[in-house]
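Examination of the molecular architecture
Residues per chain are reported as follows:
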Amino acid sequence: MSIKTLFTLVFLFFGGLLLAGSGDQHDHGHDGHDHDTHEAHEDHSGGHELSCEHASFGHHGKFDAGATAFHHISDANVYSIGPLQIPLPCILYNNRDGALHMFLSSEFGFDNLGHGDGHYAFNGYVLDGGTVRMIADPEFPMDKTEIKGIIHDDENNAYVCVGDRMYGTYAKSTADFGLFGGGITPFYDFSITKNVVSMIIVFLFMLWMFLKIAKAYKLREGQAPKGLQSFIEPIFVFIQDEVCKPFLGDKYLRYQPFIMTLFFFILGLNLFGQIPFLGGSNVTGNLAFTAVLAIFAFFVTNLSGNKHYWEHIFWMPGVPAWVKTILTPVEVLGVFIKPLTLMLRLFANITAGHMVIIIFVSLIFIFSQNGDSMVGGLGTVIPSGLLSLFMMSIELLVAFIQAFVFAILTASYIGAAIEDHHHEAAH
Amino acid sequence: MGGSIAAIGMGLAVIGAGIGIGNIGAKAMEAIARQPEAVGDIRSNMILMAALVEGAALIAIVVSFLVA
């Protein structure tokens, strides 16, 4: 099929969608009427007006697959193994009155088998779905206060209910540029969160594994590799032969530790996040984490850049002067876009994988109407399980490919920066 | 409504990347069929090119996330 035919098909498809749009809306309106009797007790608080009258903990209202997915891929101040919630240390700095609080998140009094909703406010903070939020009102009591519930509006703002009073909260403190409802807030969360714990676990595991392998090379010099050593050696040699040697040239040994660290750390975290029911932590799918890796790549590339690298950026040799005026801004932008795409690629691939798996599991709750329809629920369990298994096996592949792509791209950027100027004839 | 338009934009970005990565894959397969001994070089260059094409699509996806 030619590309032209493809485009025609695409436009026909969207045209059809637009035409079908009006009919769809009518159907939804009809559906809404059927559910009205069912949800009457929720509606009578009146339109979009939020009220603390019915605030409570536990499940209520319709199942929201999107919100569930975002809850599961975001970082948390509790570590969850299956339904079990394990408290983690909180280190919170309050910008408003400059107070630093350190306590265990068990102070929030969440259920051990729940969703990490704290039943108490502590030091002016609450735990909402596993994440700490600060109450905006400075008058709120600082000691441990029992709260009635936390309610959310359509914009994902949370309100804390104490008695019938409602207190607004700030968004959670994240370094993901506010992409997932967080951002730079009046309080900073330096806590040992779920992602940090996963990172420490993977770091310690890697340290143990590589020290053991390094020792095996010393002890068994000249002999065939054995055990763990023979498992890691092909992977290591593959990265060395496919990534380090072709891209970094003769000086590859200088940068190989960096490339290997990137590869194995990303791979370890990707695979650790794949283990079901063991936290499912989404570390490599966290923008702050991938941003730090990309910043490392940015500094290593630009600090090791030689004269030719900078010449090619600011004054590309061998092209007419008027082209240089266009080329220089593009090349300067490229210096920053390269690490930016490194950051986004890893983040988007891993987050998308986690989300698709959660959405497939959510199908059970969507078809069973959150537990109301037994037939829908039981009928979806097997297809949804199979779909999840299929996605998980694809994600195993993606875990390797993304770690490899991050390593190969970093190596090629560094390689371009340190390359000797030996292609004079080409200009 | 803004969310739906962003979703359509996301889909369009993915179509572009899909065509690009498809072409890369097709040509790489062709190249491997012609020269099976160069499979290692072709494979790593294929992944590198696919990653570069994907980068443009990812920026589009993130932008549509931000405006949604």
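Because the structure is predicted, anything quoted here is derived from the model rather than measured.

1. Notes on the domain arrangement of chain A
Residue and element names in this part refer to chain A. Split by domain assignment, chain A resolves into domain 1 (65-192) and domain 2 (197-426). Spacing between the C-alpha centres of domain 1 and domain 2 amounts to 31 Å. Facing 17 residues of domain 1, the contacting portion of domain 2 comprises 17 residues. Only helix H3 (65-73) and strand E1 (78-81) provide two or more residues apiece to the side of domain 1 that touches domain 2.

2. Thoughts on helix H5 (residues 228-248) of chain A
Residues and elements named next belong to chain A. Taking 1.5 Å as the rise per residue, H5 with 21 residues should run 30 Å; its terminal C-alpha atoms sit 28 Å apart, in good agreement. The sharpest bend along H5 comes to roughly 35 degrees, located at Gln 240. As for H5, its buried residues are in contact with helix H6 (252-274) and helix H10 (374-418).

3. Structural notes on the interface of chain B and chain A
The interface of chain B with chain A comprises 15 residues on the first partner and 13 residues on the second. Of all the secondary structure elements, the ones that give two or more residues to the side of chain B that touches chain A are helix H1 (2-34) and helix H2 (39-67) of chain B. Among the elements that line the side of chain B that touches chain A, the one with the most residues is H2 of chain B, at 13 residues.

4. Side note on unusual backbone geometry
All names here are of chain A. At Asn 123, a position not held by glycine, the phi torsion is positive, near 55 degrees. As for its placement among the helices and strands, Asn 123 is situated in the loop between strand E5 (120-121) and strand E6 (125-128). Positive phi is not limited to glycine here, since Phe 277 has a value of about 65 degrees. The topology assignment puts Phe 277 in the loop between H6 and helix H7 (287-303). A residue is classified by how many C-beta atoms lie within 10 Å of it, and Phe 277, with 10 of them, is exposed.

Parameters and conventions
Residues numbered from 1 in each chain as written. Chains lettered and ligands numbered in written order. Predicted model: local features only at pLDDT ≥ 70, side-chain atom pairs only at ≥ 80, totals over all residues. Domains from an automatic or database assignment. Contact = placed C-beta atoms within 7 Å. Helix = DSSP H or I, 4+ residues; strand = E, 2+ residues; numbered from the N terminus. Expected span 1.5 Å × (residues − 1). Bend = angle between axes of the 7 residues up to and from the residue. Buried ≥ 20, exposed ≤ 12 C-beta atoms within 10 Å, placed from the backbone.

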